[in-house]
Every structure is written in structure tokens, then in C-alpha cells.
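This is what each chain is made of:
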Amino acid sequence: MALVQRTARPSDNLAGYFAGGEASRLALSDGSRVGVIGGGPAGTFFTHFLLRLAAAVDLDVAVDIYEPRNFAYQGPAGCNHCGGIVSESLVQLLATEGINLPPSIVRRGIESYVLHMDIGNVRIETPLHEKRIAAVFRGNGPRVSEPIGASGSFDGYLLELAASSGAKVVRKLVNEISWDGGRPQVTSSDGATATYDLLAVAAGVNSQALQLFGEVAPQYHSPKTLKTFICEFKLSPEALDRHIGPSMHVFLLDIPRLEFAALIPKGEFLTLCLLGHDVDNALIDTFLSAPEVKACFPDGAVPSPVCHCFPRVNVVAAARPYGDRIVWIGDSGVARLYKDGIGSAYRVAKAAAKTVVHHGVADEDFRRHFWPACKRIDNDNSIAKVIFAVSGLIQKLRFLRRGVLRMTANEQRRQARRRHMSTVLWDLFTGSAPYREVLSRSFHPEFPAMLCWNLIAGNAVRARRNGSEEPSHE
Amino acid sequence: MSNGLGQWYSKGHVVVRQGEYGEHIYAVQEGELEVVKERKGGGEIQVAVLRSGDIFGEMAILQKEVRSATVRTLTEARLLTIDKKTFMSRVHEDPSLAFNIVRMMAQRIRSLNAKLGERRARVERRRVERRADRQRRQGPRRSGQ
């Protein structure tokens, strides 16, 4: 049997003393089999790092990734329902890991973002004016897009990366999970069964697969989710270059129930990503009829979307996403609130892979070495709630918006050495830094002082102008 | 509009200069660059050629020293910068992040050792050839005396 059940021996007791009290544990050994349910970023990152770390310690394991979807397909058949932003920090981390996203995957490199408010807008540039954010399609684009083969899909690229690391991709739907002599067993749609020494569940929150664990893993409670709206508009390349450019457009509008909205250019398409409470057609219509949104489209007319969906996102972490020989990663476990879901999938997947290779696959191993990484994201999400509450306040109070706009515009115009508001907004809207870093930046002594000054100056100017709002700072 | 990430640099552009302080690590996305070491007496010696997937500029970040060599583009090249602060804070959270860089540095040392070995062998070969040549030239003179 490939899975090693180690019982306490005198030497183990000594090793356990130095290892922090691990007297008995489950660990992978040469010939162990690992099953991964889901071939999205969490599953493929986990597989890639597991195989890389295992090879580094001469551990020979076999990995099967269950992914029925073919990411080469256009439209819903190959799509993973996501805004498709690879954050600045993740792009840099992946490059450090030796994973460089090819131009065929990056449908547009983003080098700035434009913050739209009812009182004006401001463009915030990346440091060095470099394209540091990748706008990608998780699948191969909307149904009406030009086919460019599997090489155009972000998820397809990562799945290929995992396969090239040595994983086997099983193109089957998982129908049942059970236990076989204490080891997880997967039954796929054609009735075939396979028993594994470890099962990593990387099925997203929109997948039916998460419902298979009710009786098998009663300790696991799936995460709480929120409905979002994503749609694609098709525009001519000239219109996209003229109206959108290499920028992500973010909206802070005083629309009830709206939390956040962004327009993201990708090739010949423009992706709308809308987050809010009880997202419905009324909220979408209100948003799309806002003058600030219409101004982003040619002739101020919003075209009909060519594709749309209402995917759910993880907003409250799953309870106990681990057990003996089983671990939940990606959206099915813990994810960053609202932003950088792919980045949190990378972090959690890597933490799981490190735990499996260097510590073991027992519940206790995951609790001690994997859960802290999840907890860090979960704690950060608590800070995010405070930050988004403040952001909601800015959305509602016009005098605050004037101060924020003025301060950001001045920082951008003067190429100020310290760009307090710009970096806070950049990291908040792009998800490039943990929320705790965003909060700590706002504690810089200059930040409240500058904000107060800009609040006074911005509103005084407004009073003098007798109603005319600030111009565009693009 | 190019879809690739990072920034394009024209051929012959000096990305980092020996002796200067730097705040970034660079990941080569496309193109070729040369790493050259400036000699004390003037002139320079090429120590490596970098291609897509290579990373450079990490030594100055890790050691808090000035750049140890100059890196210049041999062709048009697309580079992605990695901020020192982002890199160091993420390495603090996940030390295994530095694994790829350590592996790359080890490869570079191995390659430099091989180059140094070749250079030494070449110098030694030339020395032997020069000595043999000298002996050949001196030989007939002696026999004629």
C-alpha cells in the first residue's frame, strides 16, 4: 500500500519531539496516488507545486486531475465564470516561480486604471508605466469570439502546465466520493472508480461537485457565497482603444446594493464584472444606464452583451476544509473577498502542496501547516469588510468623493513621491496587496492630513464654482 | 497593441548598470540580453546571455549591494519588473518562493565555473603552444652554433 500509516516508535518519539510532537502521521511515499477534483487554477497550481516539491525530495507520486471541461471551447462549455484578472502581485510571484504568462493568454496587459465617480474621473498609472496586470479569459472567450485554440485560455494554459509536470488529466465528471479502506475513492461519470492516498478538492463554488461531500466529510461546511454578474460586450478594436485603452475602469457610484463594478478590456471584448447585494436585472439596468458607464462606450450607447452569467463567489470561508487524506483548496475552501481569487487560489494551493510533501496528509498536518495560510486570508477578509464599509461610505457621501478625487488627481498630476491615496485605491481595486497592507498605508501620518486638506479644498472649490463639478483628470 | 505583460526595451538598451543601486528584479519575457562585466582597465567581458524565462537583478536585492554587472539588450526585449518590496515581503511569507531563484543562481554559478574552466584550459593551451613555438624557434639556432 502506497500510503504509509506510521505508528509511534521510540525513534518517532524523538523525531516527534523535534518536529513539534508529531508521534504518528499519514504521509505520501513513492507510488502514492493523488486525486485532484477540478482543473482550474487551484487544482493546477496545487498539482504543479506538489509535483515540483515532490521531485525536489525524490518522492515519486502520481496525480490525476478530474476536469470534464475543455478550455479550448468558446462560450460556457469552456468557461470558468470569472472576471479574469491576474493581479500585479500574482503576475510578479508567478514570474519569480518561473511561470511567465504568454501573450496568447494575456488578452490585454493593463497598465493603469480609471476610477469613475459622478463628480469626475481620474487615471491611476502603474509604477514605471508597465503592463503589470493580465486580463485573461478563463476559457477561450465568449461564443462569438475568434477561435485561437487551447492556447488562449488561462485555465487551459495552467492545466497544460500541470500535465507537463507529469499529471494525468482525466476528462470525466466526478459522480461520487466514498471511502475505501480509509482512503478516498472517486467514482466518475462512466462508473469507473479510483482510490487515492490523498484527495484535493479544487471544485469551484459554482460546481455541483461540492455537494458530494455531505456524508463523506461531515466536518466540512461549504463556503457562503454571493451572486455576481459578469457579461461580455463586443466592441471594435478602434473603439476599445479609444474609449477603454489598456486600462481597467472601476466605478464608485452611489447606486443602492452596488458594491463594486469594473470594465476590463480583453482582446475584442469588454468584460463587465459587477458585485453587489442581491444582484438582479434591476441593479444591472440601473448601473448600465448611469452616465459614467455610458460614457465608456462609443456614442454613449451600451451594446447588448454577447454572453452573460451570474456566478457565485466565496464570501465566507468554508468550515474545516481539511481532514485525513482530504483537503479543499481554492474557492471551495478560503478565497480573498471580492478580489484576486486566482491569487488566493495560488497561495492556498501552494500551502497545501508544501504541507503534503513536507509534513503529511493527516488532519493534524493540515491543521498545523495548511490552515494558517487559509486563516491569514480569512483574517485579511475581516479587514477587507472594514475597508469596503469605508468605500461604501465614500460611494454614498459626495463631499468625501470630492476629497478622494482631488487628492488622487493631485498625486497623479504632480508625480508626487508619496502617492498615498493612489496606492491605497490601486491595491484596493486591483487586489495587488493584502487588505492589511492597504489599511496600514492609510495609517501613514501624511494620509489623514492630506485627505483632510483635500476634503476642505475640494469642497471649498466646489462651493466657489457654485455647483460645477470637477473636470476629468484622465 | 501588444498583449504581453511588462515593457519593451529597444536593442542596445542598458537595463541595469554595474555599480548602481537597484530596486527591481527583472524577468525576461521575450528577447535576449547580455550580462557584461566591466574591466578595471576599460573594456568589458560577456559573462552570460539571458533568454525568456531567465531572471536577473536579484543579487543586488538580496545582498543590498550595487549591481555586480551590466545587463544590456541584444535584441528588442520585453521585461517584467518585480518590485523589491513585493518580492521580499512575499519571500518572508513563503521562503520557498526563492527556490526558483536559488536554482537559477546555482545554474549560473555552474555555467560560470564551466566557462572559467574553459578559459583556464584555453590559457594553459596557449601557454604550452607558445612554449613549444619558442622551443621550435630556438632549436635550429642551437644546432647551428
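Residues numbered from 1 in each chain as written. Chains lettered and ligands numbered in written order. Predicted model: local features only at pLDDT ≥ 70, side-chain atom pairs only at ≥ 80, totals over all residues. Heavy atoms only, no water.

Focus on the overall build of chain A
Along its length, chain A carries 13 helices and 22 strands. Nonlocal contacts in chain A, meaning residues at least 24 apart in sequence, comprise 72% of its contacts between residues at least 6 apart. Of the roughly 18,500 Å² of accessible surface on chain A, 55% is carried by carbon and sulfur atoms. (Helix = DSSP H or I, 4+ residues; strand = E, 2+ residues; numbered from the N terminus. Contact = heavy atoms within 4.5 Å. Areas by Shrake-Rupley, 256 points an atom, 1.4 Å probe, with all protein chains shown as cover.)

Re the sheet that holds strand S8 (residues 77-83) of chain B
If you trace the 4 strands from one edge of the open sheet to the other, you get S1-S8-S3-S6 (chain B), paired in antiparallel fashion. Only two strands of the sheet have a single neighbouring strand rather than two, namely strand S1 (7-9) and strand S6 (55-56) of chain B. The sheet contacts of helix H3 (residues 88-96) of chain A involve strand S3 (24-30), S6 and S8 of chain B, and relative to S8 of chain B the element is tilted by about 110°. Sitting on the sheet, helix H2 (residues 84-93) of chain B is in contact with S3 and S8 of chain B, with an inclination near 55° to S8 of chain B. (Pairing = 2+ DSSP bridges. Axes fitted to C-alpha atoms, helices over the stretch in contact; angles between N-to-C directions.)

Details of the environment of Ile85 of chain A
All names here are of chain A. Topologically, Ile85 is positioned in strand S5 (residues 85-86). Look at Ile85 and you get buried, because its relative accessible area is 17%. On a C-alpha basis, the gap between Ile85 and Ala209 in space is 25 Å, while along the polypeptide they are 124 residues apart. Look past the residues within four positions of Ile85 in its chain and what remains in contact with it is Ile133, Ala134, Ala135, Met248, Ile264 and Ile342. (Buried < 20%, exposed > 50% of the residue type's maximum accessible area, 1.4 Å probe, protein only.)

Here we look at the packing of helix H8 (residues 341-358) of chain A against helix H9 (residues 363-396) of chain A
Residue and element names in this part refer to chain A. Closest axis-to-axis distance for the H8/H9 pair is 9 Å, and the angle between their directions is 165°. For the element pair H8 / H9, the angle class is roughly antiparallel. You can see that H8 and H9 cross each other, and the crossing is right-handed. When H8 is examined against H9, the residues Ser344, Arg347, Val348, Ala351, Ala352, Thr355 and Val356 are found in contact with a partner set consisting of Asp365, Phe366, His369, Phe370, Ala373, Cys374 and Ile377. (Parallel < 35°, antiparallel > 145°, perpendicular 65-115°, else oblique. Left-handed = near helix turned anticlockwise from the far one by under 90°.)

Let's talk about the sheet that holds strand S4 (residues 62-66) of chain A
All names here are of chain A. One open sheet accounts for 6 strands, arranged S10-S4-S3-S14-S22-S21; its pairing is mixed. Each edge of the open sheet is held by one strand with a lone partner, namely strand S10 (168-170) and strand S21 (322-323). Pairing analysis gives 4 bridges linking strand S3 (residues 33-37) to strand S14 (residues 198-201), with the strands arranged parallel. Bridged to Val34 within S14 is Leu198. Along the sheet, helix H2 (residues 41-56) contacts S3, S4 and S14; its crossing angle with S3, the most-contacted strand, is approximately 160°.

So, H2 of chain A
Residue and element names in this part refer to chain A. When the terminal C-alpha atoms of H2 are compared, their 22 Å separation across 16 residues agrees well with the 22 Å that a helix rising 1.5 Å per residue should span. With respect to burial, H2 is a largely interior element, 13 of its 16 residues being buried. Count one or two residues on from H2 and you reach Asp58, which has phi positive near 55°. (Expected span 1.5 Å × (residues − 1).)

Digging into the domain arrangement of chain A
Residues and elements named next belong to chain A. Parsing chain A into structural domains produces domain 1 (28-84 + 150-223 + 317-381), domain 2 (103-145 + 225-313) and domain 3 (392-460). Taking the mean C-alpha position of each, domain 1 and domain 2 sit 30 Å from one another. Opposite the 28 residues of domain 1 that make contact, domain 2 presents 29 residues. Taken over both partners, the interface formed by domain 1 and domain 2 buries close to 2,200 Å², and the fraction arising from carbon and sulfur atoms is 56%. Scanning the region where domain 1 abuts domain 2 turns up 1 salt bridge. When the shortest N-O distance is used, the salt bridge between Asp155 and Arg138 registers 2.6 Å. Joining domain 1 to domain 2, the criterion identifies 9 residue pairs in polar contact (both at pLDDT 80 or more). If you tally residues by element for the side of domain 1 that touches domain 2, the top one is helix H4 (residues 154-164), at 4 residues. Residue composition of the side of domain 1 that touches domain 2, grouped by class: 14 nonpolar, 12 polar and 2 charged. (Domains from an automatic or database assignment. Buried area = accessible area lost by both parts, 1.4 Å probe. Salt bridge = Lys/Arg side-chain N within 4 Å of Asp/Glu carboxyl O. Polar contact = N/O pair within 3.5 Å; in protein donor to acceptor, adjacent residues only side chain to side chain. Nonpolar A, V, L, I, M, F, W, Y, C, P; charged D, E, K, R; others polar.)

Considerations on the pattern of salt bridges
All names here are of chain B. Enumeration over the complete set of coordinates arrives at 38 salt bridges over all chains. For Lys84, the salt bridge identified is with Glu23, shortest N-O distance 3.9 Å. You can see Lys84 sitting in helix H2 and its partner Glu23 sitting in the loop between strand S2 (14-16) and S3, a full 61 residues away along the chain. Residue Glu23 is classed as partly exposed on the basis of its relative accessible area of 49%.

Things to note about the domain arrangement of chain B
Residue and element names in this part refer to chain B. What the domain assignment lists for chain B is domain 1 (1-84) and domain 2 (94-136). In this structure, domain 1 and domain 2 have C-alpha centres spaced 21 Å apart. Taken together, the contact pairs 12 residues of domain 1 with 8 residues of domain 2. Of the roughly 730 Å² buried at the junction of domain 1 and domain 2 (both faces included), carbon and sulfur atoms supply 60%. The largest per-residue losses of area from domain 1 upon contact with domain 2 belong to Val47, Ile55 and Glu58, which jointly make up 53% of the total buried on that side. Viewed at the interface, domain 2 and domain 1 are joined by 1 salt bridge. A salt bridge links Glu58 to Arg108, with the shortest nitrogen-to-oxygen separation between them at 2.8 Å. Viewed at the interface, domain 2 and domain 1 are joined by 3 residue pairs in polar contact (both at pLDDT 80 or more). Of all the secondary-structure elements, those providing two or more residues to the side of domain 1 that touches domain 2 are strand S5 (44-50), S6 and helix H1 (58-63). The leading source of residues in the side of domain 1 that touches domain 2 is S5, at 4 residues. Of the residues that constitute the side of domain 1 that touches domain 2, the class distribution is 7 nonpolar, 2 polar and 3 charged.

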